[in-house]
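Breakdown of the fold
Residues per chain, in single letters:
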Amino acid sequence: MKSDLEPLAIAANITQAAFCRLDTVLLTFGFLVMQYQKMMDADNLTASTSIIASLEKRWAAADQDIFIATVIVNPFFRADPFGRHTRFVVSGIIDLLERLYTRFFKEEPPFSFSTELCNYLTAEGQYSALRATCIRHMAAAEGQVRAAFVFLSV
Amino acid sequence: MNFQGGPPDPLEVYRDLSFSSEPHSPFHRLAARLLSICANSATCERLFSVFGNTLTKLRNQMGTSTLSSIAELKMHVRNEHQLNSTKIWMKRMFVARSTTIPPNESSILPTLAHPPSPQSPASDETNEENEDLNHARPVGSSFRDLVSTHGSVPIEDDEPCVHSQEGKLTLSQLFNFGNDHWIKSYEKHTRKSFDEELALYDLLNEDAATGNGMEVDVDETTAEILLG
């Protein structure tokens, strides 16, 4: 019982926080599906299948583009969490974000947009320091700034 | 503001990687827009409950303008406390369990029941469009503007927009559960906030068990400060 409900309790906690971003919501969904897929033994089969079905139902009703795009623009994750689907090759991502740009700002994205996005996805050009910056912020959040500097200077 | 131990803020990474003197690049603009969307209505609901706590049985003659001014003031006081001394007096209250009543917001507010209200004279003009907004009028024109702007947003939302042509993916198709990098970094922070909450409950239970605990409305920010 505890193992069944705990992931849901954690998820409720995360999604009801004062600052809950869209990427957190999608990652929470993914994480829940993963956990319940692992619990497929005879005792838990019914519960797990219906929880997954319910999650999939909500997800199917959502505006998926925005959620996916928010995970991608989060530099700590980028496209890493997503599977090997043709939609997540670089050009697919550019297509997705350009569509959203038009939707949000009611204008066509400038030419520099796709170049910058490419640089971001591959951590090159103006984003060449992306990984190091992410590590620094992660470490700062952990309260281990010193350790990160040691790590980076190696 | 990022509390120590909280998840890192993605927008800070963008800030670090851009030139401070130049305007944001188009991609940075889109990222900022996407990452600042709040996915729940918890903050609004908390605001409503602030209203509920202010308009009590003993203070039920209050007008809307006073009520909203008090709520606004309450938020400012709360913010200032969070920035300055919350940690100290929260620790004092819970850890040392002093018997004196701490200077919390509710004890300050009644003395400031008449803050300057930015109220504009309510006009008598009625028009069909905002007929159902009339009850919100005395609060002030800025609030009314806010309401009407938000009222028109759903209509804009209904306008056809370009969706992905390739159809939708299911969650199990979408994610790569074999890559444990994201899973680990996600798990670390979620687990942490859950454990913190459990720790807070333990602390409150302990307080109740000793008999001299007082009822305090503790939200998660307070909990973070307390346990941080």
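Residues numbered from 1 in each chain as written. Chains lettered and ligands numbered in written order. Predicted model: local features only at pLDDT ≥ 70, side-chain atom pairs only at ≥ 80, totals over all residues.

Concerning the overall build of chain B
- Assigned secondary structure in chain B consists of 10 helices and 0 strands.
- Start at the N end of chain B and walk to the C end: the helices and strands fall as α-α-α-α-α-α-α-α-α-α.
- For chain B, the proportion of its 228 residues judged to be buried stands at 10%.
- Look at the contacts in chain B between residues 6 or more apart in sequence, and 55% of them connect residues 24 or more apart. (Helix = DSSP H or I, 4+ residues; strand = E, 2+ residues; numbered from the N terminus. Buried ≥ 20, exposed ≤ 12 C-beta atoms within 10 Å, placed from the backbone. Contact = placed C-beta atoms within 7 Å.)

Side note on the overall build of chain A
- Within chain A, the secondary structure is distributed over 8 helices and 0 strands.
- Each helix and strand of chain A, placed in order from N terminus to C terminus, yields the pattern α-α-α-α-α-α-α-α.
- Within chain A, the fraction of its 154 residues that count as buried is 33%.
- Considering only contacts in chain A between residues 6 or more positions apart, those separated by 24 or more positions represent 43%.

Observations concerning the interface of chain A and chain B
- The interface of chain A with chain B comprises 64 residues on the first partner and 52 residues on the second.
- When residues of the side of chain A that touches chain B are assigned to their parent elements, the largest contribution, 8 residues, is made by helix H2 (residues 22-38) of chain A.
- Considering only residue class, the side of chain A that touches chain B consists of 40 nonpolar, 15 polar and 9 charged. (Nonpolar A, V, L, I, M, F, W, Y, C, P; charged D, E, K, R; others polar.)

Looking at the confidence of the model for chain A
Residues and elements named next belong to chain A.
- With 92% of its residues at a pLDDT of at least 70, chain A reaches an overall mean of 84.
- Taken element by element, chain A is modelled with least confidence in helix H8 (residues 145-153), mean pLDDT 45, and with most confidence in helix H5 (residues 90-105), mean pLDDT 91.
- The low-confidence segment residues 145-154 (pLDDT under 50) makes 9 contacts with residues lying over four places distant or belonging to another chain. (pLDDT = per-residue confidence, 0-100.)

A few points about helix H4 (residues 64-83) of chain B
- Taking 1.5 Å per residue, 20 residues should reach 28 Å; H4 of chain B reaches 29 Å between its end C-alpha atoms and fits that length.
- Every buried residue of H4 of chain B is listed here: Ser68, Ser69, Ile70 and Lys74 of chain B. (Expected span 1.5 Å × (residues − 1).)

Regarding the nonpolar core
- Ranked by size, the top nonpolar core spans 41 residues in total, and within it Leu26, Ile68, Ala69, Val71 and Leu97 of chain A together with Leu30 of chain B carry the most contacts.
- Ranked by the residues each element gives to this core, the list is headed by H2 of chain A, at 8 residues.
- Counting residues domain by domain, this core receives three or more from each of domain 1 (1-62) and domain 2 (65-122) of chain A.
- Setting aside residues up to four positions removed in sequence, Leu30 of chain B forms contacts with Val73, Leu97, Leu100, Tyr101 and Phe104 of chain A. (Core = buried A, V, L, I, M, F, W, Y, C linked by C-beta atoms within 7 Å. Domains from an automatic or database assignment.)

What to know about the confidence of the model for chain B
Residue and element names in this part refer to chain B.
- Of all residues in chain B, 57% attain a pLDDT of 70 or more, and the chain-wide mean is 69.
- Mean pLDDT values over the elements of chain B span from 45, in helix H6 (residues 105-108), up to 90, in helix H2 (residues 26-35).
- The model gives residues 1-5 a pLDDT under 50, and that stretch makes 10 contacts with residues more than four places away or in other chains.
- Across residues 105-137 the pLDDT falls below 50, and counting only partners more than four positions away or on other chains, this stretch makes 35 contacts in the model.
- Of the two predicted TM-score estimates for the complex, the pTM is 0.64 and the ipTM is 0.83.

A short note on the environment of Val13 of chain B
- For Val13 of chain B, the position within the fold is in helix H1 (residues 10-16).
- Ignoring anything within four residues of it in the chain, the contact list for Val13 of chain B reads Pro75, Thr133, Cys134 and His137 of chain A.

Remarks on the packing of H2 of chain A against helix H4 (residues 64-73) of chain A
Residue and element names in this part refer to chain A.
- Contact geometry for H2 and H4: axes closest at 8 Å, N-to-C directions at 100 degrees. Here H2 lies roughly perpendicular to H4, going by the angle between them. Seen from H2, the contacting residues are Leu22, Asp23, Val25, Leu26 and Leu27; seen from H4, they are Ile66, Phe67, Ile68, Thr70 and Val71.
- Residues that form the contact of H2 with H4 fall into these classes: 8 nonpolar, 1 polar and 1 charged. (Axes fitted to C-alpha atoms, helices over the stretch in contact; angles between N-to-C directions. Parallel < 35°, antiparallel > 145°, perpendicular 65-115°, else oblique.)

Remarks on the packing of H5 of chain A against H2 of chain B
- Relative orientation of the contacting elements H5 of chain A and H2 of chain B amounts to 75 degrees, with a least axis distance of 11 Å. Relative to H2 of chain B, H5 of chain A is oriented roughly perpendicular. Facing Leu97, Leu100, Tyr101 and Phe104 of chain A of H5 of chain A, the residues of H2 of chain B in contact are Pro26, Leu30 and Arg33 of chain B.
- Of the residues in the contact of H5 of chain A with H2 of chain B, the class split is 6 nonpolar, no polar and 1 charged.

Notes on unusual backbone geometry
All names here are of chain A.
- Its identity is not glycine, yet Arg78 carries a phi of approximately 45 degrees, on the positive side.
- Topologically, Arg78 is positioned in the loop between H4 and H5.
- When the 19 C-beta atoms within 10 Å are taken as the criterion, Arg78 is described as partly exposed.
- Here Lys106, not a glycine, exhibits a phi torsion of approximately 55 degrees, which is positive.

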